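Now for the letters of each chain:
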Amino acid sequence: MTSTDPQTDPFWRTKSLEALTPAEWESLCDGCGRCCLNKLEDWDTGQIEWTSIACTLLDGQTCRCRDYETRHQTVPDCVQLTPAEVRTLTWLPPTCAYRLVADGHDLYWWHPLISGSPDTVHEAGISVRGRTISEDGMALEEYENYLVDWPLIDGPIPEDAS
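Fair warning: this is a prediction, and the values are worked out from it, not measured in the lab. (Residues numbered from 1 in each chain as written. Predicted model: local features only at pLDDT ≥ 70, side-chain atom pairs only at ≥ 80, totals over all residues. Heavy atoms only, no water.)

### Brief notes about the packing of aromatic side chains
At step 1: This model, assessed by the stated rule, comprises 3 aromatic pairs.
At step 2: Here Phe 11 and Trp 12 contribute two aromatic rings whose centre-to-centre distance is 5.3 Å and whose plane-to-plane angle is 85°, an arrangement assigned as edge-to-face.
At step 3: You can call Trp 12 buried: its relative accessible area is 6%.
At step 4: On the basis of an interplanar angle of 35° and a centroid distance of 4.4 Å, the ring pair of Trp 25 and Tyr 98 is categorised as tilted. Taken as a pair, Trp 25 in helix α2 (residues 22-27) and Tyr 98 in helix α5 (residues 97-102) lie far apart in primary sequence, 73 residues in all. Like Tyr 98, Trp 25 is buried.
At step 5: In this arrangement the basic side chain of Lys 39 is found over the ring face of Trp 91, its NZ or CZ atom lying 4.4 Å from the centre.
At step 6: The ring of Tyr 68 carries the charged tip of Arg 71 above its face, separated from the ring centre by 4.1 Å. (Phe/Tyr/Trp six-rings, centres within 6.5 Å; stacked < 30°, edge-to-face > 60°. Buried < 20%, exposed > 50% of the residue type's maximum accessible area, 1.4 Å probe, protein only. Helix = DSSP H or I, 4+ residues; strand = E, 2+ residues; numbered from the N terminus. Lys NZ or Arg CZ within 6 Å of the ring centre and 35° of its normal.)

### Structural notes on the pairing of strand β2 (residues 48-54)
At step 1: The element β2 is extensively covered by neighbouring structure, given that 6 of its 7 residues are classed as buried.
At step 2: For strand β1 (residues 37-41) and β2, the ladder comprises 4 bridges, and the chain directions are antiparallel. Along β2, the bridge assignment pairs Glu 41 with Ile 48.
At step 3: The antiparallel hairpin formed by β1 and β2 contains 6 residues in its connecting segment, where Gly 46 sits at a positive phi of about 80°.
At step 4: Where β2 lies against strand β3 (residues 133-134), 2 bridges are found, and the strand directions are parallel. (Pairing = 2+ DSSP bridges.)

### Quick word on a negative patch on the surface
At step 1: Taken together, the side chains of Glu 41, Asp 42, Asp 44, Glu 49 and Asp 149 make up a negatively charged region of the molecular surface.
At step 2: The residue Asp 44 is located in the loop between β1 and β2 in this model.
At step 3: Given a relative accessible area of 76%, Asp 44 falls into the exposed group. (Patch = residues over 30% accessible without salt bridge, like charges linked within 9 Å, V, L, I, M, F, W, Y side chains within 5 Å. Areas by Shrake-Rupley, 256 points an atom, 1.4 Å probe, with all protein chains shown as cover. Salt bridge = Lys/Arg side-chain N within 4 Å of Asp/Glu carboxyl O. Lys, Arg positive; Asp, Glu negative; His and termini not counted. Charge placed at Lys NZ, Arg CZ, Asp CG, Glu CD.)

### Re the pattern of salt bridges
At step 1: Tallied over the full model, the rule gives 3 salt bridges.
At step 2: A salt bridge links Arg 13 to Asp 106; the nearest nitrogen and oxygen atoms lie 2.8 Å apart. In this pair, Arg 13 sits in helix α1 (residues 11-14) while Asp 106 sits in the loop between α5 and α6 (112-115), placing the two residues 93 residues apart along the sequence.
At step 3: In this structure Asp 106 comes out as partly exposed when scored by relative accessible area, which is 26%.
At step 4: Measuring nitrogen to oxygen at the nearest pair gives 2.8 Å for the salt bridge that ties Glu 24 to Lys 15.
At step 5: Residue Glu 24 is classed as buried on the basis of its relative accessible area, which comes to 15%.

### Some points on the sheet that holds β1
At step 1: Reading across the sheet, the 3 strands line up as β1-β2-β3 and stay open at both edges, with mixed pairing between neighbours. The sheet is open, and its two borders are formed by β1 and β3, each paired with just one other strand.

In short, shape yes, function no, at least from these values alone.
In structure tokens form, the structure reads like this:
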């Protein structure tokens, strides 16, 4: 990132994750829905495999939680993202705004804070909209039948993505 000016630059360029207000923190979520997908981890290598299996609370069209405020009552193991968690979770996609800001990068053109529209994350093909199946009623043994490769999960981020 280049030098910043707190008077004119947007908050994500001038503040650390720890300094964000609750409203700023929440606005960093681009609505891709990827963090709400079930992932499989190889216990030997630590490698993460992505699935198209969505949390019971993920709305597959809006890519938002159906019960965000009280989600832990339904999904007790839902990961609460915090600045510390963002810096340690290996499964956050490289396009995740929390990860980008933590690593000193800017947001992509399709992020709602840049584009001004919550639809650009879907239009850019970054979100999971229409590409998931609910975990409801699915046996854990079936998860490996739903492995997927999501755009911009592995490998370098193309220069024209930002």
